Each structure stands twice: as C-alpha cells, then as structure tokens.
Amino acid sequence: MNNHIEITQPDDWHVHFREGDMLEMVTNFSSRINKRCVAMPNTQIPITDSNKASIYKEQIIKASKNDFEPLVPCYLKDNLDLDDFRIGLQKKIFFGSKLYPTNATTNSKHGVSDISKIFKYLEILEEENSPLLIHGEKVADNIDIFDREKFFIDDELNIIRSKFPLLKIVLEHVSTSYGVKYIKDNTNIAGTITPHHMLLTKKDVFFDQKINPHHFCMPVVKNETDLIELRKAACHDNSKFFLGTDSAPHHIDEKKPDMSSKPGIFSAPCSIELYAEIFDQENAINNLEIFSSINGARFYNLPINNSKIKLEKTEWIVPELSSYKDIKVKNFYSNKKINWKVVN
Ligand SMILES: [Zn+2]
C-alpha cells in the first residue's frame, strides 16, 4: 500500500485563466503544482493575434508565484492575419491553435462556423508541425447535446484528418467512449481527460427539470459506460491520453439552476489530488505520473519536467469557495473528502 508517491512535476494541458482578478486567482492555483499550462484563448476578446498572445502570457507569468510557463494557442476564426499566424507559430508565441465551433462553449460566438473556412490555417499548422487543439462538438438544432462529440468526429474531424494527415491533433476533454476509441484507433491524435468526466454522469447534472450548475460544463458529462471507458483510458495502458483539467471558473452569480447557466467546472484548487484519487480507486496510482507528467510532453515534443512533487495519503475536505478580491467561485468537489494531498 502506497502512502505517498513522488512524481515528475505535472503539466495541465487545458486551463481557462480568464482575465483580471479572476486570472490572478486562477494562476495562483494552477501554478501551485504545474510547470506548464495551456491557457485557453477564449477570453472575452479572443486571442486571435500574436500581440494579444504575448500580452496574455505576460499577465499570467506576472500573476504566478513559481517558475511557470503558460502556453497560449491562437483562437481560430474565419479571418486571421495569415502572416501573423505563421510567424506567431514559428516564434512559439502561439502554442498551436484552438478550434472552437461557433457557440459550443463560453466565449465561442466568434468561433468557426464552417471548417472549410479554416483549411488555410490548418495547412500552416501542418507545415509548421504545430498542434491543433479541438473542442470537438458539433452544435446544431437537430443534434442532441449528448451526441455532439460523436457528430463532430464523424462529420468534421474525419474530414480534417483526411485532408491534413500529418497534422497533430488533440481532442480536448474527451467525454465519450466513442471519442476514446477514435483516439486509440487513429494516428497523430491524442486526448485530454478532465477529472469531472471521470467522476460525474448526467444524473449529477440534470434532475427534476433543473440542472446543478456546478456540474454543468461543455462537453456535458455523459453515461456510466462513458465514464468507465474514460477511466480505463487514463489509468491503464495509456500512451495517448494526458492531463487537461478544463478548469473553467465562473463567478458564483453566473451559475444558475437552468440552461442559462455559464458552463464550466473549477477544479484547479484540487486537480492533481482528484486525479490521484481516481487513479487510486482504479488501483493504478503508479500510472498517475505517465498521465500527469509524461504523455503530454511526449506528444507535444517538449522536454519532460525535471522537478518533482510529492503526494501523501492524507484526508482533507475541499473548501466550498475560492475567493479573491470581489471574486467568489464555487470549487468542484466542494465539501467532499479527498484522500490525497500535495506536500512540499
Ligand atoms: Zn475548455
């Protein structure tokens, strides 16, 4: 029985840092354990050029306490400046690019409505060996909210992959067994998995014609069978899946018990501990490191961190809220017990 483990310092390949005071609070949590984080570009004014990306990176670095590196993808939209896009990738100002289908999630109204309009950018990404990060949901009136991932894979991702076979793709926050299988069966594609998609099912979100807004995220959590496949993919025999929390804070006032609520789950205050809990439940605590600290760096051809962190088997209760200045955000897993804790 392991009572403590030491692992290579993790990276979180999917975080929403937001802006202003929220950014300061979130950075504090995400930089407490991670060496690198992908800072998603769906800010209120999306990050669509290299100047915005440089400024955003500086803001996050300034707010972080430790030696910490934010990686900022370029937000894809129909009319980017092609030269700026290429140079931003070459100079590593951009960490690849992020595809948000229009209206799939928070601040995605400027996203991509028709994938053929972004082929010119995908060509550049492929040429520059830069990754495409995807929010893989197809949004349409006739597509059920629980089927969006499958429709995106069948109707859009297949086209992207056949047109750009060398393009490196990450299907972010994989939420279905269908998505897991697709990643396993194909080349040049990997996936991030959040803690909440391995802990919740749709019953934890939708009940009595209401929703629990603190469990409401995009893509929405799915069925028990999906949860089981996601756990297997992360915890066992894994080389294609890695840590990406999709930690996505909203002020508590923006969380409402119906579909008008802003989607997003804030897990940064307990993220690595929750993953440890899940891996322990799966009798796979020794596989945590490859998921949290190795697979992502390998897929992205980045160095593996040389520092370590230590986790101990110690019970603690996740606090209800994270607060900073005027900001109050409900923590995921609040008032629940976790059996693992990071120690210095
Ligand atoms: Zn996200």
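The following refers to the structure shown. (Residues numbered from 1 in each chain as written. Predicted model: local features only at pLDDT ≥ 70, side-chain atom pairs only at ≥ 80, totals over all residues. Heavy atoms only, no water.)

### Some words on the pairing of strand β14 (residues 321–324)
- In the sheet, β14 pairs with strand β15 (residues 327–330) via four bridges, with the strands oriented antiparallel. Note on β15: the bridge partner recorded for L321 is K330.
- The hairpin turn running from β14 into β15, its antiparallel successor, is two residues long, and K325 in that turn takes a positive phi close to 45 degrees. (Pairing = 2+ DSSP bridges. Helix = DSSP H or I, 4+ residues; strand = E, 2+ residues; numbered from the N terminus.)

### Here we look at the layout of surface pockets
- For the largest pocket, the calculated volume is near 350 Å³.
- Lining the largest pocket are 21 residues, and of these K92, F95, P131, Y300 and L302 lie nearest its centre.
- Ranked by the residues each element gives to the lining of the largest pocket, the list is headed by strand β4 (residues 69–71), at three residues.
- Grouping the constituent residues of the lining of the largest pocket by class yields 11 nonpolar, four polar and six charged. (1 Å grid on protein atoms, 1.4 Å probe; cavity = no way out; pocket = protein on both sides within 12 Å on 5 of 7 lines; lining within 4 Å. Points joined across faces, edges and corners; volume = space filled by probe spheres on them. Nonpolar A, V, L, I, M, F, W, Y, C, P; charged D, E, K, R; others polar.)

### Observations concerning the environment of R18
- Summarising the element assignment, R18 is placed in the loop between β2 (11–15) and α1 (20–30).
- Sequence separation between R18 and Y178 is 160 residues, and the spatial gap between their C-alpha atoms is 30 Å.
- Ignoring sequence-local partners within four residues, the contact set of R18 consists of L23, N42, T43, Y56, T106, A248, P249 and H250.
- Among the polar contacts made by the side chain of R18, one reaches the main-chain carbonyl oxygen of P249 at a distance of 2.8 Å. (Contact = heavy atoms within 4.5 Å. Polar contact = N/O pair within 3.5 Å; in protein donor to acceptor, adjacent residues only side chain to side chain.)

### A closer look at the coordination of the zinc ion
- Every protein donor of the zinc ion is accounted for by H14 (NE2), H16 (NE2) and D246 (OD), and the metal-donor separations fall at 2.1 to 2.2 Å.
- Mapped onto the polypeptide sequence, the residues donating to the zinc ion form the spacing pattern H-x1-H-x229-D. (Donors = N, O, S within 2.8 Å, 3.2 Å for Na, K, Ca; no water.)

### Side note on the packing of aromatic side chains
- This structure, assessed with the given rule, holds 17 aromatic pairs.
- Ring geometry for F242 versus F299: centroids 6.1 Å apart, planes at 40 degrees, classification tilted. Placement of F242 in strand β12 (residues 241–243) and of F299 in helix α9 (residues 288–299) is noted, with a sequence separation of 57 residues between them.
- In this structure F242 comes out as buried when scored by relative accessible area, which is 0%.
- Seen from their ring centres, F299 and Y300 are 5.7 Å apart, and the 75 degrees between their planes marks the pair as edge-to-face.
- On the accessibility criterion, Y300 (8% relative accessible area) is buried.
- Site record: aromatic cluster; members linked through ring pairs are W13, F95, F242, F299 and Y300.
- Above the plane of the ring of F151 lies K150, whose end atom (NZ or CZ) is 6.0 Å from the centre.
- One cation-aromatic arrangement involves K168 over F299; the distance from NZ or CZ to the ring centre is 4.9 Å. (Phe/Tyr/Trp six-rings, centres within 6.5 Å; stacked < 30°, edge-to-face > 60°. Buried < 20%, exposed > 50% of the residue type's maximum accessible area, 1.4 Å probe, protein only. Lys NZ or Arg CZ within 6 Å of the ring centre and 35° of its normal.)

### Side note on the pattern of salt bridges
- Here the structure, examined in full by the defined rule, presents 19 salt bridges.
- A salt bridge links D78 to K117; the shortest N-O distance between them is 3.7 Å. Linking D78 in the loop between β5 (74–75) and α3 (82–90) with K117 in the loop between β6 (97–99) and α4 (119–127), this pair joins segments that are 39 residues apart in sequence.
- The shortest N-O distance in the salt bridge between R86 and E128 comes to 2.9 Å. With R86 in helix α3 and E128 in the loop between α4 and β7 (132–134), the pair connects residues that are 42 residues apart, well separated along the chain. (Salt bridge = Lys/Arg side-chain N within 4 Å of Asp/Glu carboxyl O.)

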